[in-house]
Amino acid sequence: MNSFIDILVNLLMETKDKLTETIQGIINNSNEPLETKEVKAKMPEGTRTKILYRLRELRAEGLIEGKRVGASRGSWIWWKKDAFKGEG
């Protein structure tokens, strides 16, 4: 029998996976780099903080690329892995 904690943890993990999959899909389906605010605009169900956290996780896992572009709060650009491979 599952405890309340087990059920809650499973529910949170499913939510995280859906959010992460959605973010990764947005980045991978884009033909150009996106700013954090552009990713957020395409995801009304996620908060800016959660989206930025997931973007950083995806970057750390090597699933997407990203770079901080300014000193302000959360000014990052994000793009799909190997988007610029072979250019030069």
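Moving on to the overall build of the protein chain. When you go through the protein chain residue by residue, the secondary structure sums to three helices and three strands. The helix and strand sequence of the protein chain, counted from the amino end, reads α-β-α-α-β-β. The 88 residues of the protein chain split such that 26% are buried. For the protein chain, the computed accessible surface area is about 6,400 Å², with 54% contributed by carbon and sulfur atoms.

Before going further, it helps to spend a moment on the sheet that holds strand S2 (residues 64-68). Within the open sheet, the three strands sit side by side as S1-S3-S2. Their pairing is antiparallel. Looking at the sheet topology across the chains shown, the edges are occupied by strand S1 (34-35) and S2. In this sheet, strand S3 (residues 76-80) lies alongside S1 in antiparallel orientation, the contact comprising two bridges. Bridge assignment links Glu35 to a residue of S3, and that residue is Ile77. Sheet strands in contact with helix H3 (residues 48-60) are S2 and S3, and its direction is about 50 degrees off that of S3.

A few words on the packing of aromatic side chains. The tally for this structure, following the rule as stated, stands at one aromatic pair. Centroid distance Trp76 to Trp78: 5.0 Å. Interplanar angle 10 degrees. Geometry classified as stacked. Comparing Trp76 with Trp78, the two get one shared label, buried.

Before going further, it helps to spend a moment on the nonpolar core. Among soluble globular proteins, nonpolar side chains are generally buried collectively. Ranked by internal contacts, the top residues of the largest apolar core, which has 14 residues, are Ile23, Ile27, Val39, Met43, Leu55 and Trp78. Broken down by secondary-structure element, the contributors of at least two residues to this core are helix H1 (4-28), H3 and S3. Beyond its immediate chain neighbours, meaning those up to four positions away, Ile27 contacts Leu34, Val39, Leu55, Ile64, Trp78, Trp79 and Lys80.

Conventions used here
Residues numbered from 1 in each chain as written. Predicted model: local features only at pLDDT ≥ 70, side-chain atom pairs only at ≥ 80, totals over all residues. Heavy atoms only, no water. Helix = DSSP H or I, 4+ residues; strand = E, 2+ residues; numbered from the N terminus. Buried < 20%, exposed > 50% of the residue type's maximum accessible area, 1.4 Å probe, protein only. Areas by Shrake-Rupley, 256 points an atom, 1.4 Å probe, with all protein chains shown as cover. Pairing = 2+ DSSP bridges. Contact = heavy atoms within 4.5 Å. Axes fitted to C-alpha atoms, helices over the stretch in contact; angles between N-to-C directions. Phe/Tyr/Trp six-rings, centres within 6.5 Å; stacked < 30°, edge-to-face > 60°. Core = buried A, V, L, I, M, F, W, Y, C linked by side-chain atoms within 4.5 Å.

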